[in-house]
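# Coordinate inspection notes
These are the residues of each chain, in order.
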Amino acid sequence: MEKYILNETPLRTANNFDINNIEVVLDIPKYKSFENFNIYTENIEKIKVEVNQNKISENENKIGLERQTNYSVKIIIPENITIEEKIKLEFNFDEDNAFLVENIDILLEKNAKANFEIQYNSEESFSNFHNGQLNILLQENAKANIVVSNFNNNQSDNLYEMKNELKDNATLKYTIIEIGGKNKISNYYSKLVGENSENSLNVIYLGKENDVIDINYNMETYGKNSKAYINVQGVLTDSAKKNFKGTIDFKEGSKKAIGKENENCILLSKQAKSKSLPMLLCHEEDVEGEHGVSSGKIDEAKLFYIMTKGISYDEARKLIIKANFNDIIKNINNNELENRINEKIDQI
Amino acid sequence: MELLNIKNLFVNAGNKEILKGLNLKINKGEIHVIMGPNGAGKSTLANIILNNPAYKIISGEIDFEGENINELKTDERARKGIFMSFQTPEEVPGISVTNFLKAAKNAKEKEPIKIFAFKKELEENMKKLNMNPSYSTRDLNVGFSGGEKKKNEILQMLTLKPKLAILDETDSGLDVDAIRTVSKGINMYKNSENSVLIITHSTKILQELKVDYVHILVDGKIVKTGTDSLASEIEKEGYAKYINM
Amino acid sequence: MKTQLKEVDNNIYNIKNKDEYSFKTVGLTEEVIREISEKKNEPDWMLELRLKALKTYNELSMPTWGPDLSELDMSKIATYVKPKTNMKKSWEDVPEDIKNTFDALGIPEAEKESLAGVGAQYDSEIVYHSIKEELVKQGVIYTDFDAAVKEYPELVKQYFTKCVPITDHKFIALHYAVWSGGSFVYVPKGVKVDIPLQSYFRLNAPGAGQFEHTLIIVDEGASLQFIEGCSAPKYNEINLHAGCVELFVKENGFLRYSTIENWSKNMMNLNTKKVVVDKNGTIEWVTGSFGSKVSMLYPMSILNGENSKCEFTGISFAGKGQNLDAGLKIVHNAPNTSSVVNSKSISKDGGICTFRSDIKVRPRAEKSKVSVSCESLMLDSISRSDTIPVNDVQTDEVEFSHEAKIGKISDQAIFYLMTRGISEEEAKAMIVRGFANPISKELPLEYAVEMNNLINLELEGSIG
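Residues numbered from 1 in each chain as written. Chains lettered and ligands numbered in written order. Predicted model: local features only at pLDDT ≥ 70, side-chain atom pairs only at ≥ 80, totals over all residues. Heavy atoms only, no water.

## As for the sheet that holds strand S9 (residues 164–168) of chain B
Residue and element names in this part refer to chain B. Selection criterion: Two strands qualify as a pair provided that DSSP identifies no fewer than 2 bridges between them. Runs of E in the DSSP output that reach at least two residues are strands. Runs of H or I that reach at least four are helices, and both are numbered from the N terminus. Here an axis means a line fitted to C-alpha atoms, over the contact stretch when the element is a helix, while the angle between two N-to-C directions is reported on a 0 to 180 degree scale. Note on contacts: a residue pair qualifies if any of its non-hydrogen atoms lie within 4.5 Å across the two residues.
What the 6 strands build is an open sheet, ordered S6-S9-S10-S3-S11-S12; its pairing is mixed. Both edges of this open sheet fall to strand S6 (82–85) and strand S12 (221–226), since each of them pairs with a single strand only. The mean angle between the axes of side-by-side strands here comes to 20°, regardless of whether they run parallel or antiparallel. Here 4 bridges tie strand S3 (residues 31–35) to strand S11 (residues 213–218), and the two strands are oriented parallel to one another. Opposite Ile34, over in S11, you have His215 as the bridge partner. Its contacts with the sheet put helix H5 (residues 146–160) on S6 and S9, and the angle it makes with S6 is roughly 165°.

If you want it as structure tokens, here you go:
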């Protein structure tokens with residue numbers, strides 16, 4: 001067990017505001033290999049996939065924890081290729097595979113289109129450690145749809161770093177389902193270098209018991225007409241603690257760029273703690289930026305309305321939470337995933 | 001006497017061609033009406049006459065009182081006596097209607113305006129337009145209903161007394177009473193020395209006005225000019241027969 | 001857009017008097033502090049407090065965030081500059097050049113017309129103080145802080161450092177080590193002071209620091225409006241302002257604290273302001289920040305009593321060479337408390353505006369409401385505008401909303417005004433003044449006019 005100070009914000013604020021980074025105690029297991037990886041695709045001949053289990057050491061990363069990888073996956077979608085199906089990557093933890101430090105690199109060449117679903121599962125009750133990295137590069141006109149789901153069990157530590165870069169006219173839709181794990185520490189960094197590039201990030205988080213959620217998202221607009229959207233919907237119950245740090249950084253020259261960011265946190269218990277830092281940094285005149293955050297109890301008027309229709313308090317609460325998540329869930333367009341998320345909400 | 005003369009005007013919005021060789025001449029004392037299907041370029045015409053930076057003249061000429069005004073800035077055109085009633089008037093927080101009109105009037109007049117007379121005229125005009133007097137102290141268009149915004153445009157027209165008033169769909173979205181108020185405002189303003197260019201979809205606003213010419217604008221060009229009977233025809237039959245000309 | 005970089009040179013604010021003083025210390029050592037204390041003929045407890053603060057200052061480190069303060073060299077700052085006059089009760093007795101400065105700033109005139117009392121500080125000491133007789137009869141105290149230490153030692157001891165402790169941060173420790181001047185106000189129970197009191201702070205000496213301490217106690221059911229104005233002529237050396245404002249609003253009390261700050265652009269403004277509000281009390285902050293090279297200013301409101309309220313309305317305007325890091329801190333520490341924040345900023349000619357905040361809703365602050373709105377206007381692309389708000393919600397039964405917007409003056413709004421015959425330059429200025437209007441309308445008329453003049457001055461020649 002050791003104390004770590006991780007996930008520093010792109011710009012510091014006063015130390016006593018206690019949000020520049022997160023202090024966590026982690027029990028990092030000894031290096032071990034990982035075997036339980038599956039990739040599901042019917043288009044294996046159209047794309048390039050490279051998998052290996054080399055140990056690569058790396059110190060420089062946004063989360064700030066030294067890494068030694070035990071798995072890496074590299075996927076290339078060649079120029080002009082469109083893959084309609086969802087390419088599914090699955091990492092399943094079990095007692096023999098309880099340590100995963102992986103690198104996933106996804107490259108979409110010009111005009112390529114693809115959908116990915118990346119899942120981390122650990123159903124059983126044992127502690128596992130995950131410190132992953134997902135890097136995406138979209139070349140001109142490429143389009144990608146990424147859904148990352150964390151369904152790890154509630155004793156696990158999850159650290160996850162996502163980086164991406166978008167060239168001209170590239171479009172990236174990104175969804176993160178942050179449900180499992182005791183410590184959920186994630187970092188998302190997107191560089192919109194291309195003109196007309198667009199990145200929309202949608203996130204659902206769920207915190208319970210003594211969960212610690214520290215999410216640190218940063219989008220930088222460089223290209224003209226680039227668009228950065230961050231939409232985060234969350235629920236906290238028991239003594240869960242969440243820090244949301246979201247930054248939209250308009251760099252000089254990103255004329256006509258648009259950046260919008262919002263976070264909405266429903267608190268279901270007196271002991272739950274919600275901290276948010278929605279930063280807007282602006283070094284360009286001709287942009288449109290806005291952010292909004294809100295936290296508070298579940299909407300009483302809505303609760304009452306639903307209960308007058310004969311639905312119990314608990315059920316009504318769950319309905320409202322599901323309704324809040326609905327836009328994001330519908331967009332994933334995956335029944336299996338939707339059911340799994342609803343199941344987790346029902347367990348609140 | 002010629003007031004406005006538009007010669008073979010080509011205008012783009014961004015890279016899109018909107019007006020494609022438009023000609024229009026308006027003499028002093030006349031009321032002109034422009035009708036046309038959505039996207040024909042009606043609002044573009046109004047906006048280019050006042051040099052809205054969102055539009056660009058590719059070729060052609062706009063003359064006002066015999067002088068080419070192509071190179072004049074928006075405010076210079078306004079001070080020459082051209083006015084536009086906006087389809088969606090901008091909301092400008094922090095400036096009251098009265099203070100704004102005072103500033104506009106002062107910009108136009110050589111002599112500083114007389115505050116008392118100005119306020120009195122403003123009050124009277126507001127009364128005639130059925131506007132609640134409290135609107136004079138409210139921020140310009142901020143939180144106004146659609147109808148109040150349009151009345152506020154007519155109020156500005158009455159205060160600034162332009163030579164040419166362009167009304168860009170001032171009647172759209174208004175109920176019958178409000179349209180009647182707008183017509184009344186136009187009649188209060190109108191005399192033999194000034195002119196009105198009305199852009200509209202419906203003939204309701206025209207009923208109480210003495211219209212001289214009606215033009216049909218289709219795909220960036222005026223395809224037909226007639227009198228008020230043409231407006232009634234359009235009301236009944238639509239634009240179909242002019243679209244595929 | 002063409003941008004002319006024109007140095008604003010306003011005669012009124014830039015009056016420079018000869019650097020004359022009866023006594024001056026430079027630097028920050030134990031000897032310097034003993035000397036200041038001796039000159040002031042202070043009680044021992046105050047000297048001890050100063051020395052303790054110096055020790056704290058030396059122990060604390062510089063902030064690791066916010067604007068660059070490396071240009072500040074404490075060994076060169078004149079920590080105490082005693083003007084060549086004592087405190088006067090009549091303007092006539094104030095030396096000619098000092099009087100002329102305040103005359104030009106309109107202070108005595110304002111006193112006649114619309115104020116219940118005036119204090120004027122010149123460098124390190126208050127040179128003039130007055131209060132209307134009827135307020136004195138009601139028991140209102142308004143005096144310079146040095147005098148209060150001697151005349152009301154019990155009151156001062158009871159409240160001094162109780163709102164802002166010495167250890168809060170490095171520059172507050174500095175303040176307590178070398179503080180001098182400032183105002184002391186006590187409004188007794190139930191007394192309503194309808195017209196405002198005003199203290200004006202003028203720093204004339206080049207390379208000097210101003211460290212005034214203002215302490216206001218609004219007792220139960222009482223109410224007060226207090227205005228603070230600050231300015232200085234421009235020098236090449238760095239000047240420093242590290243004042244401290246401690247405010248206490250008791251049960252059912254009301255305080256509005258307004259500031260118009262126009263320090264010269266060689267000023268490091270590292271000021272600290274804090275209020276503790278009891279049950280049903282209200283604090284209203286109204287702030288206009290135009291001056292200084294670097295500002296770090298985050299007025300803090302501690303809502304300690306049930307139903308207490310905080311309203312914050314502020315604007316910053318950063319031009320060439322200015323880095324204004326401003327915002328606020330609020331702690332909701334009791335049930336049913338509420339805060340409403342409305343902050344605006346304007347950046348131009350490379351100026352940097354940062355809105356920085358920390359709003360905490362403590363677990364016991366059930367049924368509290370927080371509503372924050374920030375708007376930033378960018379006038380060109382060489383400037384910066386950052387919004388860095390921390391929202392810290394520690395219980396469920398709250399309504400917390402925060403909104404921010406960033407952008408430029410809308411081209412269509414400019415077009416709309418120009419179609420009415422208004423020039424582009426004036427149209428832009430009108431929109432900027434309109435943007436600032438929600439703040440200026442909260443100020444007394446002469447200050448609203450002053451603020452509009454400052455905006456016009458800042459915009460002059462820079463847009464069009």
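## Section: the sheet that holds strand S1 (residues 2–13) of chain B
Residue and element names in this part refer to chain B. Across the sheet, 4 strands lie side by side as S2-S1-S4-S5; this open sheet has antiparallel pairing. Of all strands in the sheet, those bounded by a partner on one side alone are strand S2 (16–27) and strand S5 (67–68). The pairing of S1 with S2 spans 9 bridges and is antiparallel. Looking across to S2, one finds that Asn5 is bridged to Lys25.

## Re the interface of chain A and chain C
Heads up, the condition is: The quantity reported as buried area is the accessible area (1.4 Å probe) lost by two parts once they are put together, taken as the sum for both. Criterion for a salt bridge: a side-chain nitrogen of Lys or Arg within 4 Å of a carboxyl oxygen of Asp or Glu.
Contacts between the two partners involve 42 residues from chain A and, on the opposite side, 41 residues from chain C. Taking both partners together, chain A and chain C bury about 3300 Å²; carbon and sulfur atoms supply 51% of that area. For the chain A face of the interface with chain C, the top three residues by lost area are Phe17(A), Lys270(A) and Glu285(A), together amounting to 21%. Linking chain A with chain C are 6 salt bridges. Linking Glu366(C) and Lys270(A) is a salt bridge whose minimum nitrogen-to-oxygen distance equals 3.8 Å. Breaking the side of chain A that touches chain C down by element, the ones donating at least two residues are strand S20 (241–250), strand S22 (273–282) and strand S23 (288–296) of chain A.

## Topic: the side chain of Arg77(B)
All names here are of chain B. Just so we agree on the cut-off: When accessible area is computed with a 1.4 Å probe and restricted to protein chains, residues below 20% of their type maximum are described as buried, those above 50% as exposed, and intermediate ones as partly exposed. Positive charges are assigned to Lys and Arg, negative charges to Asp and Glu, while His and the chain termini are left out of the count. Under the rule applied, a polar contact is a pair of N or O atoms within 3.5 Å (in protein, one hydrogen donor and one hydrogen acceptor; residues adjacent in sequence only if both atoms are side-chain atoms).
Within the secondary structure, Arg77 sits in helix H2 (residues 74–80). As a buried residue without a salt bridge, Arg77 has its nearest oppositely charged side chain in Glu76, at a separation of 6.9 Å. Of the polar contacts made by the side chain of Arg77, one reaches the backbone oxygen of Leu72; its length is 2.9 Å. Apart from the residues lying within four places of it in its own chain, the contact partners of Arg77 are Ile48, Ile49, Leu50, Asn51, Ile62, Ile69, Asn70, Glu71, Leu72 and Ile82.

## Here we look at the interface of chain B and chain C
Counting residues at the interface gives 30 residues for chain B, matched by 18 residues for chain C. One can count 1 salt bridge joining chain B with chain C. The closest approach of N and O atoms between Glu153(B) and Arg420(C), which form a salt bridge, is 2.6 Å. Our count for the chain B to chain C interface comes out at 8 residue pairs in polar contact (both at pLDDT 80 or more). Of all elements in the fold, only H2, S6, strand S7 (92–96), helix H3 (97–108) and H5 of chain B reach the threshold of two or more residues within the side of chain B that touches chain C.

## Here's the deal with the packing of helix H1 (residues 300–307) of chain A against helix H2 (residues 313–332) of chain A
Residue and element names in this part refer to chain A. Stated formally: Orientation is classified from the angle alone, with under 35 degrees giving roughly parallel, over 145 giving roughly antiparallel, 65 to 115 giving roughly perpendicular, and any other angle giving oblique. In this scheme, a crossing is called left-handed if the near helix is turned counterclockwise away from the far one by less than a right angle; it is called right-handed if the turn is clockwise.
Relative orientation of the contacting elements H1 and H2 amounts to 125°, with a least axis distance of 9 Å. With respect to H2, the element H1 is oriented oblique. Between H1 and H2 lies a crossing of right-handed hand. Facing Lys302, Leu303, Ile306 and Met307 of H1, the residues of H2 in contact are Tyr313, Ala316, Arg317, Leu319 and Ile320.

## Comments concerning the nonpolar core
This is how the line gets drawn: What is meant by a nonpolar core is a set of buried Ala, Val, Leu, Ile, Met, Phe, Trp, Tyr and Cys residues, joined one to another through side-chain atoms within 4.5 Å.
Among the nonpolar cores identified, the biggest contains 120 residues, and Ile6(B), Ile198(B), Ile216(B), Phe102(C), Leu417(C) and Met451(C) are the most heavily contacted of them. By residue number, the principal contributor to this core is helix H10 (residues 424–440) of chain C, which donates 8 residues. The residues touching Ile6(B), leaving out its near neighbours within four places in the chain, are Leu22(B), Asn23(B), Leu24(B), Leu45(B), Ile49(B), Glu61(B) and Ile62(B). Core analysis: the next-biggest nonpolar cluster, separate from the first, contains 103 residues, Tyr71(A), Ala98(A), Ile104(A) and Val191(C) among them.

## Description of unusual backbone geometry
In the Ramachandran plot, Asn141(A) falls in the positive-phi region, its phi being about 65° despite a non-glycine side chain. Position of Asn141(A) relative to the elements: it lies in the loop between strand S12 (129–138) and strand S13 (143–151). Given the relative accessible area of 34%, Asn141(A) is considered partly exposed. Its identity as a non-glycine residue notwithstanding, Asp219(B) has a phi of 50°, on the positive side. You can see Asp219(B) is positioned in the loop between S11 and S12. Residue Asp219(B) is classed as partly exposed on the basis of its relative accessible area, which comes to 46%.

## Considerations on the domain arrangement of chain A
Residues and elements named next belong to chain A. As a reminder of what qualifies: Domain delimitation follows an automatic or database domain assignment. Each residue is assigned to one class: nonpolar for Ala, Val, Leu, Ile, Met, Phe, Trp, Tyr, Cys and Pro, charged for Asp, Glu, Lys and Arg, and polar for all the others, Gly among them.
Split into domains, chain A comes out as domain 1 (2–296) and domain 2 (298–348). Between the C-alpha centres of domain 1 and domain 2 the distance comes to 24 Å. Between domain 1 and domain 2, the residue contacts involve 28 residues of the former and 18 residues of the latter. In total, domain 1 and domain 2 occlude about 1900 Å² of area from one another, counting both sides; carbon and sulfur atoms represent 67% of this. Per-residue buried area on domain 1 facing domain 2 is highest for Phe151, Ile204 and Leu268; these three make up 27% of the total on that side. Our count for the domain 1 to domain 2 interface comes out at 2 salt bridges. Its salt-bridge partner being Glu336, residue Lys88 comes within 3.7 Å of it at the nearest N-O pair. For the pair domain 1 and domain 2, the interface holds 5 residue pairs in polar contact (both at pLDDT 80 or more). For the side of domain 1 that touches domain 2, the secondary-structure elements that each account for two or more residues are strand S8 (82–92), strand S11 (113–121), S13, strand S15 (171–178), strand S17 (198–207), strand S19 (227–236) and strand S21 (258–267). A per-element tally of the side of domain 1 that touches domain 2 places S17 first, with 5 residues. Broken down by class, the residue content of the side of domain 1 that touches domain 2 amounts to 12 nonpolar, 11 polar and 5 charged.

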